Amino acid sequence: MPSPGTQAEPLPETLLSGSADTEKKLPSSAPDVKSPAKSASDDNLTPFMRQWTAAKNEHPDTLLFFRMGDFYELFYDDAVIAARELQLTLTARDRERAIPMAGVPYHAAENYLQRLLRKGFRIAICEQMEDPKLTKKIVRREVTRVLTPGTAFDASLDQAQNNFLAALHESDGISAIALLDLSTGDFRAAEFHGPAAHKQAIDELAKAQPSEILLSSNAPADLAADLTRNTDRVAARTRVDDWVWTRDYAVPLVERKLGVKSLEGFGLNGHPCAAIAAGVILHYVQSTQKLDAIHIDSLRFLERSNELQLDPVTVRNLELVESLIAGQDTRTTLFSTLDCSQTPMGKRLLRATILRPLYDAAVINARYEAVAEAHGDLMCREGLRRAFNGILDLERLLARLSLDSAGPRDVAALAASLAKLPELHKTLTAFTAPLWRDLTDRLDPLADVTTIITKTLVEQPPLTLADGGVIAEGVSAELDDLRRISRDGRQSISTIEERERARTGIASLKVRYNSVFGYYIEISKSNLALAPADYERKQTLVNAERFTTPELKDYEVRVLTAHDRAIEIEKQLFAQLRRSVLEAAGRIRRISAVVAEADMLAGFAHLATIRNYTRPELVDEPVLEAVAARHPVIEDWMSATNEGRFIPNSLYLCGQTQNDPETTENTQPSLLLITGPNMGGKSTYLRQAAMLVLMAQMGSYVPAARMRYGLVDRIYTRIGASDNVARGRSTFMVEMTETATILNTATNKSLVLLDEMGRGTATFDGLSLAWATVEFLHAEIGARTLFATHYHELTMLAEKLPRVVNLRVGVKESPSGIVFLHSIEPGAANKSYGIEVARLAGLPKAVLERARHVLRQHERQERRSVQAESETAEPMQMTIFTPLSQRIVDRLNATDVNSLTPLQALNLLEELKQELAKP
Ligand SMILES: Nc1ncnc2c1ncn2[C@@H]1O[C@H](COP(=O)(O)OP(=O)(O)OP(=O)(O)O)[C@@H](O)[C@H]1O
């Protein structure tokens, strides 16, 4: 069957990926593999090529892997592309027509397939559907699977990451997405309303980093452009016919798959767009996998209100799961720092939790309590962590079984992992915190499933079913009998050999077997005269002659038939085992979730111990207080590389509440203005605040001596120049867009980090924008804000605005230069050390001296103009705006407008105008 209603879009020319090995030029024609435009009924074609052409025409946008015996062969342009991409030798089939051909051995195909998928190709696997030995005509072949980047579920996937297939649906101002990781069964959907719906959907997609995105065939082209701009890894884009994206077709697909009459239980009622996106995903999976993916048995509707919101910019800026610099050591991410999970499920959950921390005090506190208990009991904690040892990727093993691509060893691995559950269950019962109790209750040890597998399979099964030896003795009486015949047959062969040697007197006579000629007696040419008359000649070699006898022929039939039949029965029993295990698919998936959560929490407890993290206190006020806090990633990095010691710093912030009086003596700061030299540690201090909140809202302990905080609804960052320049926006434009988002959407529960805002433009423009932004954040938003800046003028705001406080990073001047203390102190920096830092960076002496000279001149000029101003004018205003506008403002402030007659008002206006006209 062809893939109905799908069509791959050419990939963009460049992969804008963060990882070095994918940062390659893709051939623009990568997935364009529509060759040749032939008709299967073309009379000139051989029957074989007619069969190939028919399969290719059904899947024109794929590379067709055509099974021929022990090889998958590719022909025409497919062969040329595969040879180029996989460095295969290009040969030719049919000397006359010279059809390009390239192939890979079927047992090694997996590796080649994955390489092509990673390059964005789609692949159709055309299998032999009957045994070539049993047919005299051409073997029947069918496309059994279509592989696409988003539907991969092979063993080479990164175990710590999901491989998502996404669908994006937009209709009547509503944007919805669905995400499915076929390799684990993780299936989610979300829907967004209002003016920001589209952006929110794109942001969610960017966070999920799907490998493939399904779009409607009539979706606008710029939808795809948006995705490219906001997604780090460029996903393959596949168009699906618009008729699939309809409520009548797509929603019943989801209902049928989940076995329900309504999607209410999955939180999808009233969210038809999300349900349609989920349905499109299922349609696509069915058309590519050609079988029912049993392990997809639930769907999670994502509620943004339950999460701490992180937009993709913040995820990238804070280097939560990926390093900012492409190809850089991934050990510098928060994920790598916190990852001490023992199982792949635990790793994936940790990653997902970093990207979606909680926004629910009860759940967060329940986690703290569980971590506290494990933290406080070394024996139990270590016992628990040991219990995860040997639990392999339950979700992915199950998925492979569900998609019928699990071999005997996969099933044995599943059983070995499940066999660890009773021990895990026992270890968990030692804990009493409610969350541990809940996990213990949910941990079904699945003993029945383990028993079925261990009873059915031999202890160490072979990789494939092909040669048998997979099913244990005692499972099937018929199989045991056939095996005996086959075994006895081999013994009889040696008896025959001995007897025939004695009969003929030829000591070197051999009885052997090969797959082409079956059993035979081999006699060397020199002994041919001794061959008895009942020997029938079978094959002549250079130095020997091969014979058979009626007895040997009879043996052959019995032994080979027994062997083939035994393998047939093994296949049937294995299929039956697969079905039995899949009946427990839902239970296995639920257990995987329990294992993942227990593993992650045990990891938090372990980190708390080895890194000295402490339990945060979650309160009902918008505070953010941390005593002696550290940046988890830098601290870990420094201790791993023995590069110094991280200097702890404290933080006190309080978001503005509705009841806050306008000004009071002891107002807590909502905005910290941090000044100080480059390299002083300003950015680190900012990021550290975000890390603390993020970890705390994941339910983890934090790197601080003490932390007290109120829930944060969203973390905003405007940090440094990002790589969007490559995506068509200037540094300054990116900066302003990000700032606009903050000012338009932050609340008093948010955490805002602004690092060197305004530096991307002319000094005074930048300063003015930064100034106005601080005022707006202070007056209108009241979010907990950290603002690092090199504009010293901004520090004046601390005197004017009650909730703004100045902090500076400590430096010590010494004869040999400046020393960064990395401590955060009260007050504003009185000096910048740009030239000193430039010296440390190795700028040429001449440039440094010239810079010092220019700086001195500039400072002298500045002093002169300040002097002149103080002699002539009123005291300097605490504002960067001109005194003239301030005079007008003062005049207006002093006027009681209600007491003015219309004429007086007009006169006042005229006076102000004249004031403006003064030089
Ligand atoms: N508290 C600390 N303890 C130890 N080292 C630190 C600390 N804070 C920062 N550092 C180190 O100092 C260096 C500079 O830090 P950071 O980038 O935060 O400085 P900055 O003031 O933001 O500089 P710039 O203004 O140039 O961006 C980094 O290498 C960082 O690892």
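Residues numbered from 1 in each chain as written. Predicted model: local features only at pLDDT ≥ 70, side-chain atom pairs only at ≥ 80, totals over all residues.

Draft legend 1. Representation of the site of the ligand in the model. Near the ligand, the surroundings consist of 13 residues, among which Asn678, Gly681, Ser683, Thr684 and His822 are the closest. Of the residues that constitute the shell around the ligand, the class distribution is five nonpolar, seven polar and one charged. (Near = placed C-beta within 6 Å. Nonpolar A, V, L, I, M, F, W, Y, C, P; charged D, E, K, R; others polar.)

Draft legend 2. The arrangement of the UniProt feature "binding site: ATP" (unreviewed entry) in the protein chain in detail. When the UniProt feature table is mapped onto this chain numbering, "binding site: ATP" (unreviewed entry) sits at Gly676, Pro677, Asn678, Met679, Gly680, Gly681, Lys682 and Ser683. With respect to the secondary-structure elements, asparagine 678 resides in the loop between strand 22 (671-675) and helix 22 (682-698). C-beta crowding within 10 Å serves as the criterion here: with 18 such atoms nearby, asparagine 678 is assigned to the partly exposed category. Those residues in contact with asparagine 678 that sit more than four places away from it in its chain are Gly834 and Val837. As for its placement among the helices and strands, serine 683 is situated in helix 22. With near-sequence residues (within four places) excluded, serine 683 lies in contact with Ile719, Asp755 and Ala788. (UniProt positions renumbered as here; feature names shortened; annotations may be inferred. Helix = DSSP H or I, 4+ residues; strand = E, 2+ residues; numbered from the N terminus. Buried ≥ 20, exposed ≤ 12 C-beta atoms within 10 Å, placed from the backbone. Contact = placed C-beta atoms within 7 Å.)

Draft legend 3. Region of the structure containing the nonpolar core. Core analysis: the biggest nonpolar cluster contains 207 residues, and Ala166, Ile177, Ala277 and Ile281 have the highest contact counts within it. Of all the elements, helix 20 (residues 585-611) adds the most residues to this core, at 14 residues. Every residue in contact with isoleucine 281, bar those within four places of it in the chain, is listed here: Leu165, Ala167, Ala178, Leu180 and Leu214. Listed in part, the eight residues of the second largest apolar core include Val511, Tyr519, Tyr520 and Phe547. (Core = buried A, V, L, I, M, F, W, Y, C linked by C-beta atoms within 7 Å.)

Draft legend 4. Just the environment of glycine 346, in detail. Structurally, the position occupied by glycine 346 is in helix 10 (residues 344-355). Judged by the 25 C-beta atoms lying within 10 Å of it, glycine 346 is buried. Considered as a pair, glycine 346 and alanine 602 are 256 residues apart in the sequence and their alpha carbons are 9.7 Å apart. Non-local contacts of glycine 346, meaning those with residues more than four positions away in its chain, are made with Ser341, Ala596, Asp599, Met600 and Gly603.

Draft legend 5. Main features of the packing of helix 17 (residues 447-456) against helix 19 (residues 550-583). Closest axis-to-axis distance for the helix 17/helix 19 pair is 10 Å, and the angle between their directions is 170°. For the element pair helix 17 / helix 19, the angle class is roughly antiparallel. Where helix 17 approaches helix 19, its residues Val449, Ile452, Ile453 and Thr456 are matched on the opposing element by Leu573, Leu577, Ser580 and Val581. Partitioned by chemical class, the residues of the contact of helix 17 with helix 19 number six nonpolar, two polar and no charged. (Axes fitted to C-alpha atoms, helices over the stretch in contact; angles between N-to-C directions. Parallel < 35°, antiparallel > 145°, perpendicular 65-115°, else oblique.)

Draft legend 6. Spatial organisation of helix 3 (residues 109-118). What helix 3 keeps buried is the set Leu113, Leu116 and Leu117. One side of helix 3 holds all its buried residues, which, seen down the axis, span an arc of 100°. Those residues of helix 3 that are buried are in contact with strand 2 (63-68), helix 2 (76-86), strand 6 (123-128) and strand 7 (141-147). Where helix 3 terminates, the next one or two residues include glycine 120, which has phi positive at roughly 95°. (Arc of directions from axis to C-beta.)

Draft legend 7. Quick peek at unusual backbone geometry. Its identity is not glycine, yet glutamate 319 carries a phi of approximately 50°, on the positive side. With respect to the helices and strands, the residue glutamate 319 is situated in the loop between helix 8 (312-317) and helix 9 (334-338). At methionine 679, a position not held by glycine, the phi torsion is positive, near 70°. Its place among the elements puts methionine 679 in the loop between strand 22 and helix 22.

Draft legend 8. The arrangement of the sheet that holds strand 20 (residues 623-629) in detail. If you walk across this open sheet you meet the four strands as 19-23-20-21, and the pairing is mixed. Whereas interior strands pair on both sides, the edge strands pair on one side only; in this sheet they are strand 19 (617-619) and strand 21 (649-654). Averaged over all adjacent pairs, the angle separating strand axes in this sheet is 15°, with direction ignored. With three bridges connecting them, strand 19 and strand 23 (residues 706-710) associate as parallel partners. Opposite glutamate 617, over in strand 23, you have arginine 708 as the bridge partner. In the packing of helix 22 onto the sheet, the strands contacted are strand 20, strand 21 and strand 23, and the crossing angle to strand 20 comes to about 110°. (Pairing = 2+ DSSP bridges.)

Draft legend 9. Layout of the sheet that holds strand 17 (residues 536-540). The sheet built from four strands is open, its strands ordered 15-16-18-17 with antiparallel pairing. With partners counted over all chains shown, the strands left at the sheet margins are strand 15 (510-514) and strand 17, one partner each. Strand-to-strand twist of the sheet, defined as the mean angle between neighbouring strand axes without regard to direction, takes the value 40°. Taken together, the four bridges between strand 17 and strand 18 (residues 544-548) define a ladder with antiparallel strand orientation. From the neighbouring strand, glutamate 536 faces strand 18, where its bridge partner is threonine 548. The strands that helix 19 touches are strand 16 (518-524) and strand 18; relative to strand 16, the one it contacts most, it runs at about 145°.

Draft legend 10. Quick peek at the packing of helix 11 (residues 361-376) against helix 20. Put simply, helix 11 and helix 20 touch, their axes get as near as 8 Å, and they point 60° apart. The pairing of helix 11 with helix 20 is recorded here as oblique in orientation. The crossing of helix 11 and helix 20 is right-handed. Contacts between helix 11 and helix 20 involve Arg367, Ala370, Val371, Ala374 and His375 from the first element and Leu601, Ala602, Phe604, Ala605, Ala608 and Thr609 from the second. Along the lines of polarity and charge, the residues of the contact of helix 11 with helix 20 split into eight nonpolar, two polar and one charged. (Left-handed = near helix turned anticlockwise from the far one by under 90°.)

Draft legend 11. Quick peek at the confidence of the model for the protein chain. Model confidence for the protein chain is summarised by a mean pLDDT of 84, while 87% of its residues fall at 70 or above. Across residues 10-34 the pLDDT falls below 50, and counting only partners more than four positions away or on other chains, this stretch makes 56 contacts in the model. With pLDDT under 50 throughout, residues 722-726 is counted as low confidence; its partners more than four residues away or in other chains account for eight contacts. Reported confidence for the predicted complex is 0.98 by ipTM and 0.81 by pTM. (pLDDT = per-residue confidence, 0-100.)

Draft legend 12. Geometry of the environment of valine 595. Checked against the element boundaries, valine 595 lands in helix 20. Classification of valine 595 as buried rests on a count of 27 C-beta atoms within 10 Å. In contact with valine 595, other than residues within four places in its own chain, are Thr343, Met345, Ile391 and Leu394.

Draft legend 13. Spatial organisation of the pairing of strand 6. For strand 2 and strand 6, the ladder comprises four bridges, and the chain directions are parallel. Considered in strand 6, the bridge of phenylalanine 66 is made with cysteine 126. As paired elements, strand 6 and strand 7 share six bridges and run antiparallel to each other. Among the inter-strand pairings, isoleucine 123 is bridged to a residue of strand 7, identified as leucine 147.

Draft legend 14. Here's a closer look at helix 23 (residues 731-745). If you check helix 23, its first and last C-alpha atoms are 21 Å apart, about what 15 residues at 1.5 Å a residue would give, namely 21 Å. What helix 23 keeps buried is the set Glu735, Glu738, Thr739 and Ile742. Mapping the buried residues of helix 23 onto a view down its axis gives an arc of 100°, with all of them on the same face. Exposed and oriented more than 90 degrees from the buried face of helix 23 are Ala740 and Asn744. (Expected span 1.5 Å × (residues − 1).)

Draft legend 15. How the structure looks around the environment of leucine 418. Along the chain, the position of leucine 418 falls in helix 14 (residues 408-418). Considering only alpha carbons, one finds leucine 418 and threonine 789, 371 residues apart in sequence, at a separation of 55 Å. For leucine 418, the contacting residues outside a window of four places in its chain are Leu446, Val449 and Thr450.

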